[in-house]
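Structural characterization, general
Spelled out, the chains give:
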Amino acid sequence: MKNKNRKQSSDTLNTSAPQALSLQNGVKSRSPEKTDVGKRQKASKQSDKRYKDGTRLQKDFANSSEYMRRGKLHGKLKVMFLGGVGEIGKNMTVFEYGDSIVVLDAGTSFPGADMPGVDVVIPDMSYLAENRSKIRGVLLTHGHEDHIGAIAFLVEKLGGKIDIFGTKLTLALVENKLVEHGLFDKVTLTPVSSKSIVTLGDFTAEFIHVSHSVAGSVAVCLRSPVGTVLHTGDFKIDYTPLGNEIMNLNRIAEIGKQGVLLLMSESTNVEKPGYTMSESVVQETINKVFQDAKGRRIIIATFASNIDRLGMIIELARLYKRKIAVSGRSMIKYIETATRVGLLSIDAKMFVDIDKIGGIEDGKLVILSTGSQGEPMSALTRMASGEFNKVQIGPNDTIVISATPIPGNERDIYNVINKLYRLGAMVVYSALSAVHVSGHACQEELKLVYTLVKPKYFIPVHGEFRHLKQHAMLVEKLHHKHSSIIIPEIGDCVEIDNGTFKVVGQVVSGSIMVDGLGVGDVGNVVLRDRLNLAEDGILVCSIAIDKLTGKLASNVEVVSRGCFFAGDTAAENPSDELKKLILEELNKTLKPAYTLSGVKSAVQRVVRQYFRSKWKRNPVVLPVILEV
């Protein structure tokens, strides 16, 4: 069942009552397989009843592990890393035992400065395509782009029906992506909670609630015939979260007592000592902003995915009797999705269309905006540049950037802040006040989880190599054996059982670049040309040749884009000099038995020599040869 909200303009927030998520008891409500639907509904009800209390759940899992230990083993557990290690983003891990494969997350990463024109980067999924028949399901830890952004590409790559498991918000966000790509009918979306278990071939997966900067985040306990793997997902230990749902440390401790073969723990904030601040600190800071901004308009830019923070801001707006306008497509989409699944409860009377804010007093308005990372086309960036006709920034504005810069985005963010100050606004950001806290665990939280689990083997994940190395050193200080730690690289295949823990080889892996509708068609050669174009420009040399005589049929034409500029008053025109050099070279090269490749090479050679010797540049030279 498609969400009716999608029929509206993407710039307009639909504040109607929440609609039911198009998922029912583990299957899509519009699935034509009615018999299978009935079985799943019955099984889901039995599961909810059976696992109502944690004691029964623990007992059943203990029995399941005992059964696995007694069963006949037919191989080792393989863990393969298609992304998310040695980098931030592009998270995708593959678990394989016998004829069963389980995929954990399918994320994207931002393109680097060396990838001009690329929209996103996704993992190379060739291994999964080659082993399509073994895939039993895709498990999602939470709804951030670096964990779910590549789902549509995975579904398209694999084809056929794919079972995807995640919490309600995570699956609702995935559903948006699949509908956009026309792939919704290719999957079965099964919602899970912290009391859910699923059997996936030789694997059994349990989902455990964790605190993070997006609602519905989970860790995954994956049981296999050779032992238990606990993957933390992204987490932090917040004792006073805004959603009042504390990370389930009790269940993690119980799993640790049962015995964990391998712990895979995130490493993003491992360089930071102590604990990550609670989200409630942000609430206190933004409450103070509301108090001090009496009579002023408030504009708050934050991560659209942080539903708890959005809910807190909406509640503060209600408390201080302010209307809310929402700007930015991703912000609108997240609010609509969270409302649809019941994670946000909003009063439609509080919201006003961004186009109609002109009649509202500054002191009675809050604008929720995208752009907390200085994204070039985001609402806040356009406001700062004076290019957003719906909102004009002035001295009566208080602007809160409720985020910290993602590494690499610092320059963009501070450019936006500088522009906002120039327009007279008051700006509150993370360097001045506690308007943002991380969703990732610091050292003491990482140590606590490790101590509760006490695994036999340890693999740090979710971080650049320096993060993984620091995490490995941290657990060694907790008396974990150095030989029982592996710092993985993308493509590594790690084999594990009670007596084996080693990298046994590499699977096909790497980065696939997505540019518009093209997936994987941008490679190193294309990127090199784009970088050359950006640095030195392009020179097009047009030449017409009489193919009967092998002589020039017209004058040589030279068009420069980014190489040089010769104005009308230029004393020296490089175009004339280039034409003369090309003409001299062609007079030597052109003969009745000329070849097009020979002519092109001659033109490129003389032009490149000219630019290297005179300008120290290396433009892309494109000869265009016309035979007449």
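It should be emphasised that the depicted structure is a prediction, and the values quoted were computed from it without experimental measurement.

Another point: the overall build of the protein chain. Counting its secondary structure elements, the protein chain contains 17 helices and 28 strands. Looking at the protein chain residue by residue over its 628 residues, the buried ones come to 52%. Excluding contacts between residues fewer than 6 apart, the proportion of contacts in the protein chain whose partners are at least 24 apart in sequence is 73%. Of the roughly 29000 Å² of accessible surface on the protein chain, 50% is carried by carbon and sulfur atoms.

Between two aromatic rings, the relevant description is the distance of the centres plus the angle of the planes. What the rule picks out here adds up to four aromatic pairs. For the pair Tyr457 and Phe501, a centre-to-centre distance of 4.3 Å together with 10° between the ring planes defines the contact as stacked. On the criterion of sequence distance, the pair formed by Tyr457 in strand E20 (residues 457–461) and Phe501 in strand E22 (residues 501–506) is long-range, its members being 44 residues apart. With respect to class, Tyr457 is no different from Phe501; both count as buried.

The biggest cluster of nonpolar side chains holds 73 residues, and the ones touching the most others in it are Leu128, Ile151, Ile164, Leu178, Ile300 and Leu368. Once you skip the residues sitting within four places of it in the chain, Leu178 turns out to touch Ile151, Ala152, Val155, Leu183, Phe184, Val187 and Leu189. By size, the runner-up hydrophobic cluster in this structure holds 32 residues, among which are Ala205, Val218, Val229 and Met264.

All right, on to helix H10 (residues 329–340) then. With twelve residues, H10 ought to run about 16 Å at 1.5 Å a step, and its terminal C-alpha atoms sit 16 Å apart, in line with that. With nine of its twelve residues buried, H10 lies for the most part within the structure. Taken residue by residue, H10 has Met331, Ile332, Tyr334, Ile335, Glu336, Thr337, Ala338, Thr339 and Arg340 as its buried positions. The inward-facing, buried residues of H10 abut helix H6 (168–180), strand E15 (297–302), helix H9 (307–319), strand E16 (323–327) and strand E17 (365–369). Two residues or fewer past H10, Gly342 is found with a positive phi of approximately 85°.

Moving on, we come to empty space enclosed by the protein. The method is simple in principle: a probe with the dimensions of a water molecule rolls over the atoms, and the space it marks as empty is what remains. For the structure shown, the criterion picks out four cavities of 30 Å³ or more. Looking at the largest cavity, its volume works out to about 110 Å³. What lines the largest cavity is a set of 16 residues, among which Asn91, Thr93, His231, Val461 and His462 lie closest to the centre. Considered class by class, the residues forming the lining of the largest cavity number five nonpolar, eight polar and three charged.

Okay, unusual backbone geometry next. One non-glycine residue, Lys90, adopts positive backbone phi at about 60°. Secondary-structure assignment places Lys90 in the loop between strand E3 (77–83) and strand E4 (92–97). Positioned with a positive phi, Asp105 is a non-glycine residue whose angle comes to about 70°. Summarising the element assignment, Asp105 is placed in the loop between strand E5 (100–104) and strand E6 (120–123).

Moving on: the pattern of salt bridges. This model, assessed by the stated rule, comprises 17 salt bridges. Across the salt bridge formed by Glu206 and Arg223, the nearest N and O atoms sit 3.6 Å from each other. You can see Glu206 sitting in strand E11 (residues 203–209) and its partner Arg223 sitting in strand E12 (residues 218–224), a full 17 residues away along the chain. According to the relative accessible area criterion, Glu206 is buried, its value standing at 0%. A relative accessible area of 1% places Arg223 in the buried class. Within this structure, Glu206, Arg223, Arg251 and Glu254 form a network of salt bridges that share partners.

So, on to the pairing of E15. Successive residues of a regular strand alternate their side chains across the two faces of the sheet. The element E15 is extensively covered by neighbouring structure, given that six of its six residues are classed as buried. Of the two faces of E15, both are covered, the one formed by Arg297, Ile299 and Ala301 as well as the one formed by Ile298, Ile300 and Thr302. The pairing of E15 with strand E18 (residues 397–402) spans six bridges and is classified as parallel. Considered in E18, the bridge of Ile299 is made with Ile399. Two strands pair when backbone bridges link them, and E15 and E17 are joined in this way by four bridges, in the parallel orientation. Bridging across to E17, Ile300 finds its partner in Leu368.

Turning next to the sheet that holds E4. Sheet strands pair via backbone hydrogen bonds, and the direction of the pair is either parallel or antiparallel. Spatially, the eight strands line up as an open sheet ordered E9-E8-E7-E5-E4-E3-E21-E22, and their pairing is mixed. Both outer strands of the open sheet, strand E9 (187–191) and E22, are each paired with one neighbouring strand and no more. Looking at each pair of strands side by side, their axes are set apart by 25° on average, direction ignored. Each of E4, strand E7 (135–139), strand E8 (162–166) and E9 is contacted by helix H5 (residues 151–158), which is oriented at about 160° to E8, the strand it contacts most. Sitting on the sheet, H6 is in contact with E8 and E9, with an inclination near 160° to E9.

Here the focus is helix H13 (residues 443–453). When we look at burial in H13, the residues that qualify are Glu445, Leu446, Val449, Tyr450 and Val453. For H13, the buried positions fall inside an angular range of 135° around the axis, keeping them on one side. Structurally, H13 contributes buried residues whose contacts are with strand E13 (227–231), helix H7 (249–258), strand E14 (262–266), E20 and helix H14 (465–476). A positive backbone phi angle near 50° is found at Lys454, which sits one or two residues after H13.

Another aspect to go through is the confidence of the model for the protein chain. When pLDDT is averaged across the protein chain, the result is 83; 82% of the residues are at 70 or more. When the criterion is pLDDT under 50, residues 1–10 qualifies, and its contacts beyond four places in sequence or with other chains add up to 20 contacts. Across residues 16–71, where pLDDT falls below 50, the model places 79 contacts with residues more than four positions away in sequence or in other chains.

Attention shifts here to the pairing of E5. Counted residue by residue, E5 has five buried out of five residues, so it is predominantly covered. Here E5 shows a buried face lined by Ser100, Val102 and Leu104 and a second buried face lined by Ile101 and Val103. The hairpin formed by E4 and E5 contains two residues between the paired strands, and Gly98 there has a positive phi angle of roughly 60°. In this structure, E5 lies alongside E7, joined through four bridges in parallel fashion. Residue pairing across strands places Ile101 opposite Ile135, the latter belonging to E7.

On to the environment of Pro123, then. Inspection of the secondary structure puts Pro123 in strand E6. Not counting chain neighbours up to four residues away, the residues in contact with Pro123 comprise Leu82, Lys90, Met92, Gly107, Ala150, Gly510 and Ile512.

The rules behind the values
Residues numbered from 1 in each chain as written. Predicted model: local features only at pLDDT ≥ 70, side-chain atom pairs only at ≥ 80, totals over all residues. Heavy atoms only, no water. Helix = DSSP H or I, 4+ residues; strand = E, 2+ residues; numbered from the N terminus. Buried < 20%, exposed > 50% of the residue type's maximum accessible area, 1.4 Å probe, protein only. Contact = heavy atoms within 4.5 Å. Areas by Shrake-Rupley, 256 points an atom, 1.4 Å probe, with all protein chains shown as cover. Phe/Tyr/Trp six-rings, centres within 6.5 Å; stacked < 30°, edge-to-face > 60°. Core = buried A, V, L, I, M, F, W, Y, C linked by side-chain atoms within 4.5 Å. Expected span 1.5 Å × (residues − 1). 1 Å grid on protein atoms, 1.4 Å probe; cavity = no way out; pocket = protein on both sides within 12 Å on 5 of 7 lines; lining within 4 Å. Points joined across faces, edges and corners; volume = space filled by probe spheres on them. Nonpolar A, V, L, I, M, F, W, Y, C, P; charged D, E, K, R; others polar. Salt bridge = Lys/Arg side-chain N within 4 Å of Asp/Glu carboxyl O. Pairing = 2+ DSSP bridges. Axes fitted to C-alpha atoms, helices over the stretch in contact; angles between N-to-C directions. Arc of directions from axis to C-beta. pLDDT = per-residue confidence, 0-100.

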